[in-house]
Amino acid sequence: MKFMKSNRKAKMLFLAYVLSVSMLNFGATPVYADGDPLTVVNNLSTFIFSLIRAIGMILLGFGVVQVGLSLKSHDPSQRANGFLTVAGGIIITFAKEILNLIVGG
């Protein structure tokens, strides 16, 4: 008897789920983008490259701090890692300009 109650409860929950999903699907109204799609893509590209530039600046700052600490503690391996971090930060910061030079656009 207990099995039948839980089975009925499961059927009611499944029916409520199906009804809610179908209401969301059939009640949706289409939304159309306004404006030029190329402008939207260019804005997205600019936003992504600004995020990449921010990450590069953070790495650049971290690398400078690491080089400064290595000069204070006379640690050559930390100095090498600091210079590599500075170089990577510079490359990441200017990634868009480097790509434009490679592509030629």
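Residues numbered from 1 in each chain as written. Predicted model: local features only at pLDDT ≥ 70, side-chain atom pairs only at ≥ 80, totals over all residues. Heavy atoms only, no water.

**Q** Run through helix α3 (residues 76–93), naming residues and quoting values.
**A** Compared with an ideal rise of 1.5 Å per residue, which puts 18 residues at 26 Å, α3 spans 25 Å between its outermost C-alpha atoms and is within 8% of the ideal. Looking at the buried residues of α3, the elements they touch are α2 (37–73) and α4 (95–103). (Helix = DSSP H or I, 4+ residues; strand = E, 2+ residues; numbered from the N terminus. Expected span 1.5 Å × (residues − 1). Contact = heavy atoms within 4.5 Å.)

**Q** Can you tell me about the packing of α2 against α4, naming the residues and giving the values?
**A** Remark: α2 packs on α4, axes separated minimally by 9 Å, with the N-to-C direction vectors making an angle of 120°. One finds that α2 runs oblique with respect to α4. Each of Thr46, Phe49, Ile52 and Arg53 in α2 lies in contact with α4, whose residues at this interface are Ala95, Lys96, Glu97 and Leu99. Its residues assigned to classes, the contact of α2 with α4 shows four nonpolar, one polar and three charged. (Axes fitted to C-alpha atoms, helices over the stretch in contact; angles between N-to-C directions. Parallel < 35°, antiparallel > 145°, perpendicular 65-115°, else oblique. Nonpolar A, V, L, I, M, F, W, Y, C, P; charged D, E, K, R; others polar.)

**Q** Quick one: what's the story with α2, residue by residue and with numbers?
**A** Here α2 spans 54 Å end to end across 37 residues, near enough to the 54 Å set by a 1.5 Å rise per residue. Within the sequence span of α2, burial applies to Gly56, Gly63, Gln66, Val67 and Ser70. Turning to α2, the residues buried within the fold contact α3. Looking one or two residues beyond α2, the residue adopting positive phi is His74, at roughly 55°. (Buried < 20%, exposed > 50% of the residue type's maximum accessible area, 1.4 Å probe, protein only.)

**Q** Can you break down a nonpolar patch on the surface residue by residue, with the values?
**A** On the surface, Ile90, Ile91, Phe94, Ile98, Leu99, Ile102 and Val103 cluster together into a nonpolar patch covering about 680 Å² of accessible area. At the level of elements, α3 and α4 are the ones that each hand at least two residues to the nonpolar patch. At four residues, α4 tops the list of elements feeding residues into the nonpolar patch. If you trace the backbone, Ile91 turns up in helix α3. (Patch = residues over 30% accessible without salt bridge, like charges linked within 9 Å, V, L, I, M, F, W, Y side chains within 5 Å. Areas by Shrake-Rupley, 256 points an atom, 1.4 Å probe, with all protein chains shown as cover. Salt bridge = Lys/Arg side-chain N within 4 Å of Asp/Glu carboxyl O.)

**Q** Could you give me a rundown of the pattern of salt bridges, with the residues and numbers involved?
**A** Under the criterion given, the structure shown has one salt bridge. Glu97 is the partner of Arg53 in a salt bridge, and the nearest nitrogen-oxygen pair spans 2.8 Å. Here the residue Arg53 occupies a position in helix α2, and Glu97 occupies one in helix α4, the gap between them amounting to 44 residues.

**Q** Run through unusual backbone geometry, naming residues and quoting values.
**A** One non-glycine residue, His74, lies in positive phi territory at about 55°. Within the element layout of this structure, His74 appears in the loop between α2 and α3. Under the relative-accessibility criterion, His74 is labelled exposed at 64%.

**Q** Got a sec to walk through the confidence of the model for the chain? Specific residues and values, please.
**A** Confidence in the prediction of the chain, expressed as mean pLDDT, is 86, and 92% of residues score 70 or more. Mean pLDDT per element in the chain: helix α1 (residues 2–26) is the minimum at 79, and α3 is the maximum at 93. (pLDDT = per-residue confidence, 0-100.)

**Q** Could you give an account of the environment of Thr39, with specific residues and numbers?
**A** Structurally, Thr39 can be placed in helix α2. Overall, Thr39 belongs to the partly exposed group, its relative accessible area being 40%. Sequence separation between Thr39 and Ala87 is 48 residues; the distance between their C-alpha atoms is 33 Å.

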